[in-house]
Amino acid sequence: MLKKSLCRYTHLSHLMQPSILLQKIKTTDPYIRKIRGYLHEHPEKSLQEYETSKFLRAEIAKRGLPVTMVSDTGFFAVLDTGRAGKTIGLRTDMDALPVQEHPYNLKQRKKWISQKEGVSHVCGHDAHMAVLLGAIQILCDIKDQLRGKIIFIFEAAEEIVGGVDDMLEALAHLHPDAIYGNHVYAAMPAGEICIDSGAIMAGMACVEFDVTGRGGHASRPDLSINPVFAAAHVLTGISVAWHNQLDVTKTVSLGISRIHGGETNNVFPNSVFIGGTLRFLDRNEGEKAVRVITRMAENIARAHRCTVLLRQAGIVLGPVVNDATLSDMAREAVRELFPGKLVTGNNWYASEPFSKYATLAPSVFALIGAGNAALGTGAEHHNDRFDVDEDALPYALGAMTGFTVRFLNSS
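**Overview of the overall build of the protein chain**
Summing up its helical and strand segments, the protein chain has nine helices and 16 strands in all. On C-alpha atoms alone, the protein chain measures out to a radius of gyration of 24 Å, which is about the 22 Å that the 2.2 N^0.38 rule sets for 411 residues. Viewed in the frame of its principal axes, the protein chain has a C-alpha envelope of about 80 × 45 × 40 Å. Counting over 411 residues, the protein chain shows a buried share of 52%. Here the analysis covers contacts within the protein chain between residues at least 6 apart in sequence; of these, 82% occur between residues at least 24 apart. Accessible surface for the protein chain amounts to roughly 17,400 Å². Of this, 51% is attributable to carbon and sulfur atoms. The average position of the 42 basic charges and that of the 44 acidic charges among the side chains of the protein chain differ by 3 Å.

**Focus on the layout of surface pockets**
Reported here for the largest pocket is a volume of approximately 490 Å³. Around the largest pocket, the lining is made up of 21 residues, and of these Glu159, Arg279, Ala350, Ser351 and His382 lie nearest the centre. Contributing elements (two or more residues each) for the lining of the largest pocket: β7 (198-212), β12 (307-317) and β15 (348-351). By residue number, the principal contributor to the lining of the largest pocket is β15, which donates four residues. A class-by-class count of the residues in the lining of the largest pocket yields twelve nonpolar, four polar and five charged.

**What to know about the nonpolar core**
One finds Leu56, Leu90, Leu139, Ile150, Phe152, Phe154 and Phe403 to be the most contacted residues of the largest nonpolar core, which totals 63 residues. Of the residues forming this core, the biggest block, eleven residues, is contributed by helix α4 (residues 125-141). Leaving out residues up to four positions away in the same chain, Leu56 has contacts with Leu39, Phe75, Met94, Met129, Leu133 and Phe154. Core analysis: the next-biggest nonpolar cluster, separate from the first, contains 27 residues, Ala231, Val252, Phe280 and Val292 among them.

**Description of the sheet that holds strand β5 (residues 178-189)**
If you walk across this open sheet you meet the eight strands as β1-β2-β4-β3-β5-β16-β6-β14, and the pairing is mixed. One side of each edge strand has no neighbouring strand; the edge strands of this open sheet are β1 (67-69) and β14 (342-343). Relative to strand β2 (residues 75-80), β1 runs antiparallel, the two sharing three bridges. By the bridge assignment, Met69 is partnered in β2 with Phe75.

Rules and cut-offs
- Residues numbered from 1 in each chain as written.
- Predicted model: local features only at pLDDT ≥ 70, side-chain atom pairs only at ≥ 80, totals over all residues.
- Heavy atoms only, no water.
- Helix = DSSP H or I, 4+ residues; strand = E, 2+ residues; numbered from the N terminus.
- Rg over C-alpha atoms; globule rule 2.2 N^0.38 Å.
- Buried < 20%, exposed > 50% of the residue type's maximum accessible area, 1.4 Å probe, protein only.
- Contact = heavy atoms within 4.5 Å.
- Areas by Shrake-Rupley, 256 points an atom, 1.4 Å probe, with all protein chains shown as cover.
- Lys, Arg positive; Asp, Glu negative; His and termini not counted.
- Charge placed at Lys NZ, Arg CZ, Asp CG, Glu CD.
- 1 Å grid on protein atoms, 1.4 Å probe; cavity = no way out; pocket = protein on both sides within 12 Å on 5 of 7 lines; lining within 4 Å.
- Points joined across faces, edges and corners; volume = space filled by probe spheres on them.
- Nonpolar A, V, L, I, M, F, W, Y, C, P; charged D, E, K, R; others polar.
- Core = buried A, V, L, I, M, F, W, Y, C linked by side-chain atoms within 4.5 Å.
- Pairing = 2+ DSSP bridges.

Written as structure tokens, this is what we have:
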């Protein structure tokens, strides 16, 4: 837990005038826009971020910071101020999605378009990397006004939760006192920032199972055990249970996204596969929802003389829960730099491996508005028309650097 003394942090104006940090953000803004554009045009899928990693490390080398590789692509760099103090980690993700990008957003042609067939940054990781590189520029410039150490974390394979565990293991010996991360969010207008305490992004459970019967000729259903009808009733039963067995005050989203069974019209398959995810802000209710699905699937399948084989049924990621003290500190930094831009109540039902950093140190995660109806940048994340209003980038940079200065120089 954070020491109570952190509540008595030094006011930012006692460290440096807000106008000075704002000027550095303004000066760095063209750099992060250029970086974001390059990374957007050159996306790489999870665990394949080789050129992305090489590019990022080359930028960091210009500042002379030592880099430690964690995996083939993931790494971290450390800025040591040379003065005793706390250690903070600043994290970004790196990977793109296997999505063919549409050249237009919701209104007009995009400024940056992926040059790689079938791969694109339609979630915002390009913006995250650019902002962290910008933070490195600023924090290196003001190193003499800081205490402690800063770990710049470049996490691979976020989309498949493939890099966070190795990163946590690699960072453990550095004993960070806090971890900060952010995510651009298309559902919020550019210029708005949300850093609520408590659960700010959802946890995720995965469910995958087979409803198994007995295949046969479609002309004689009585001689077979048709799993197709059984699977259909399983899905209907689960959706009814969702309204009747879960706490109505604790939302759990039901995201069944796959159902596969059969290859031709005149043959009953032996089994039907069903898969999807659940999202929740309350972990206990998420665990309960998993039990509801497995119980309903097994009982309904049995009524149809079928069985259920569970491939996976459990929580993969917990919710992203912001530490209350760090959230207060981060919000104060935003208020001082960007008066009137802080908003509340924007919990997001997407999930993030960032939740795991809370096992290493108290953590805080900021949502940075990136939507703009006039520019057409409001498409949902992971959609081929997703786009980012680049005017969001300096706000993300300010939230990150402002919090870092405030945290490191707190008493």
